[in-house]
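Tertiary structure, described
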Amino acid sequence: EPEVTQTPSHQVTQMGQEVILRCVPISNHLYFYWYRQILGQKVEFLVSFYNNEISEKSEIFDDQFSVERPDGSNFTLKIRSTKLEDSAMYFCASSEGWQVGRSNQPQHFGDGTRLSIL
Amino acid sequence: TQLLEQSPQFLSIQEGENLTVYCNSSSVFSSLQWYRQEPGEGPVLLVTVVTGGEVKKLKRLTFQFGDARKDSSLHITAAQPGDTGLYLCAVRGNTDKLIFGTGTRLQVFP
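Here is a short report on the structure shown in this document.

Observations concerning the sheet that holds strand β3 (residues 19-24) of chain B
Residues and elements named next belong to chain B. The strand order across the open sheet formed by five strands is β1-β3-β8-β7-β6, and the pairing between neighbours is antiparallel. At either margin of the open sheet sits one strand with a lone partner, and together these are β1 (5-7) and β6 (55-58). Each strand axis lies, on average, 15 degrees off the axis of its neighbour in the sheet, ignoring direction. One ladder, built from six bridges, connects β3 with strand β8 (residues 71-76); its direction is antiparallel. Counted as the bridge partner of tyrosine 22 is serine 73 from β8.

Let's talk about the interface of chain B and chain A
Accessible area lost during the coming together of the parts is what is often quoted as the interface size. Across the boundary between the two partners, chain B contributes 20 residues, which contact 21 residues of chain A. Around 1800 Å² of area is buried between chain B and chain A when both sides are counted, 52% of it from carbon and sulfur atoms. The three residues of chain B that bury the most area against chain A are Arg92(B), Asp96(B) and Phe100(B), which together make up 32% of that side's buried surface. Put simply, chain B and chain A have one salt bridge between them. Glu56(A) serves as the salt-bridge partner of Lys97(B), at 3.3 Å between the closest nitrogen and oxygen. Counting across the chain B and chain A interface gives seven residue pairs in polar contact (both at pLDDT 80 or more). Among the secondary structure elements, those contributing two or more residues to the side of chain B that touches chain A are β4 (32-37) and β9 (85-91) of chain B.

Topic: the side chain of Ser94(A)
Residue and element names in this part refer to chain A. On the secondary structure map, serine 94 appears in strand β9 (residues 88-95). A relative accessible area of 0% means that serine 94 is categorised as buried. Of note is the side chain of serine 94, whose polar atom sits 3.4 Å from the backbone nitrogen of isoleucine 26. One polar contact links serine 94 to histidine 29, side chain to side chain, over a distance of 2.7 Å. When residues no more than four places from it in sequence are discounted, the contact partners of serine 94 are Val4, Pro25, Ile26, His29, Tyr31, Phe32, Tyr33, Pro106, Gln107 and His108.

Here we look at the sheet that holds strand β1 (residues 5-7) of chain A
Backbone hydrogen bonds are what pair the strands of a sheet, in a parallel or an antiparallel way. Residues and elements named next belong to chain A. Strand order in this open sheet of four strands is β1-β3-β8-β7, and the pairing throughout is antiparallel. In the strand order of this sheet, the two ends are held by β1 and β7 (65-68), each with one partner. The sheet shows a mean angle of 20 degrees between the axes of neighbouring strands, taken without regard to direction.

Some remarks on the nonpolar core
Core analysis: the biggest nonpolar cluster contains 23 residues, and Leu19(B), Leu32(B), Trp34(B), Phe63(B), Leu74(B), Ile76(B) and Leu106(B) have the highest contact counts within it. Elements represented by at least two residues in this core include exactly β2 (10-14), β3, β4, β5 (44-49), β7 (61-65), β8, β9 and β11 (104-109) of chain B. Counting residues in each nonpolar core, the second largest holds 21 residues, with Ile26(A), Phe61(A), Leu77(A) and Tyr90(A) among its members.

Things to note about the packing of aromatic side chains
Any aromatic ring pair is given by two values, namely how distant the centres are and how the planes are angled relative to each other. Residue and element names in this part refer to chain A. Tallied over the full model, the rule gives 13 aromatic pairs over all chains. With a centroid separation of 5.2 Å and an interplanar angle of 40 degrees, the aromatic rings of phenylalanine 49 and phenylalanine 75 are classed as tilted. Here the residue phenylalanine 49 occupies a position in strand β5 (residues 44-50), and phenylalanine 75 occupies one in strand β8 (residues 75-79), the gap between them amounting to 26 residues. On the basis of relative accessible area, phenylalanine 75 is assigned to the buried category, the value being 0%.

A look at the pairing of β7(B)
All names here are of chain B. Judged by how many residues are buried, β7 sits mostly within the fold: four of five residues are covered. With four bridges connecting them, β6 and β7 associate as antiparallel partners. Counterpart to valine 55 in the pairing with β7 is glutamine 64. Sheet analysis places β7 next to β8, joined by five bridges and oriented antiparallel. Residue pairing across strands places glutamine 64 opposite serine 73, the latter belonging to β8. In textbook terms, the turn of a hairpin is the stretch between consecutive antiparallel strands, and for β7 and β8 this stretch comprises five residues, one of which, arginine 69, has a positive phi near 60 degrees.

Parameters and conventions
- Residues numbered from 1 in each chain as written.
- Chains lettered and ligands numbered in written order.
- Predicted model: local features only at pLDDT ≥ 70, side-chain atom pairs only at ≥ 80, totals over all residues.
- Heavy atoms only, no water.
- Pairing = 2+ DSSP bridges.
- Helix = DSSP H or I, 4+ residues; strand = E, 2+ residues; numbered from the N terminus.
- Axes fitted to C-alpha atoms, helices over the stretch in contact; angles between N-to-C directions.
- Contact = heavy atoms within 4.5 Å.
- Buried area = accessible area lost by both parts, 1.4 Å probe.
- Salt bridge = Lys/Arg side-chain N within 4 Å of Asp/Glu carboxyl O.
- Polar contact = N/O pair within 3.5 Å; in protein donor to acceptor, adjacent residues only side chain to side chain.
- Buried < 20%, exposed > 50% of the residue type's maximum accessible area, 1.4 Å probe, protein only.
- Core = buried A, V, L, I, M, F, W, Y, C linked by side-chain atoms within 4.5 Å.
- Phe/Tyr/Trp six-rings, centres within 6.5 Å; stacked < 30°, edge-to-face > 60°.

Structure (structure tokens):
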């Protein structure tokens, strides 16, 4: 069964450094997402991406964050200058489609990247 | 206040016991999803419920959507150690982002 893959599985970075988290969504999916889960807390939405642009972002997704689909397969999350509070599991997800008020296609999640900021 | 409150927060039981976990909100949703997340992995979708009062079964798991579509329950019959994990409910409002509940962490001991 196709799956969303994320690399690396664990990233350790010094505070203030830039980090790029990588995701390969399922190949025929059109919608892409990033979520994060701080240790012991709930999964939180960061950003959704469709048709090569951001469709929605949360308050967490400030100017330090950016997303990109540099080619036909990868979907990346960049944190420009990391802070201690960016330490979390970051999950990428993808889905075939979505439409308001409809029973929609599910989002498939990767196994996450554990980001540790020192 | 949390949009989706799950209870209990933690649950430790012996193999063979039955259990029910809850997902509650004051808001009405067009659908609700249940996920299970195991350590070191991402959430995996178990079921989507759409219609008020709907009941769906997945082997020993029974999911129910409240009549008013504000709450849901997950009942596990004869729990097994393999059921151990974090159970999350989630909804989509008028956008495609998922809003997750606070989670119930289940531990089933052999």
